[in-house]
Amino acid sequence: GGLIFSQRLLIALVNYGCNRKMAYEAVQRNAMKTGQGDGNFQDLVEKDPFINQKLSKSEIKACFRPEA
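This text gives an overview of the structure that appears in the document. (Residues numbered from 1 in each chain as written. Predicted model: local features only at pLDDT ≥ 70, side-chain atom pairs only at ≥ 80, totals over all residues. Heavy atoms only, no water.)

With that out of the way, let us pick up the environment of Ile11. Its location among the elements puts Ile11 in helix α1 (residues 6-16). Given a relative accessible area of 42%, Ile11 falls into the partly exposed group. C-alpha of Ile11 to C-alpha of Cys63: the two residues are 52 residues apart in sequence and 9.2 Å apart in space. (Helix = DSSP H or I, 4+ residues; strand = E, 2+ residues; numbered from the N terminus. Buried < 20%, exposed > 50% of the residue type's maximum accessible area, 1.4 Å probe, protein only.)

Moving on, we come to helix α2 (residues 20-35). Taking 1.5 Å as the rise per residue, α2 with 16 residues should run 22 Å; its terminal C-alpha atoms sit 22 Å apart, in good agreement. Buried-residue contacts for α2 involve α1, α3 (41-47) and α4 (49-54). The opening residue of α2, the one whose side-chain oxygen lies 2.8 Å from the backbone nitrogen of Lys21, is Asn19. (Expected span 1.5 Å × (residues − 1). Contact = heavy atoms within 4.5 Å. Polar contact = N/O pair within 3.5 Å; in protein donor to acceptor, adjacent residues only side chain to side chain.)

Functional significance is not addressed by these values, which are geometric in nature.
So, in structure tokens, the structure goes:
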């Protein structure tokens, strides 16, 4: 479901200047939905209002690049 990229997303949010606790909660919220079968992690992250306020679409996509 893409959960392997959660750490990279967390780091991107913190590097943006997000409070680590808030960044962790945003990542965890979407990871839990993925784990419960409510969707693919990347798709959920791309729709999350909090994450979209912090990172651009291209920055989000970069977190999910397997070659990174």
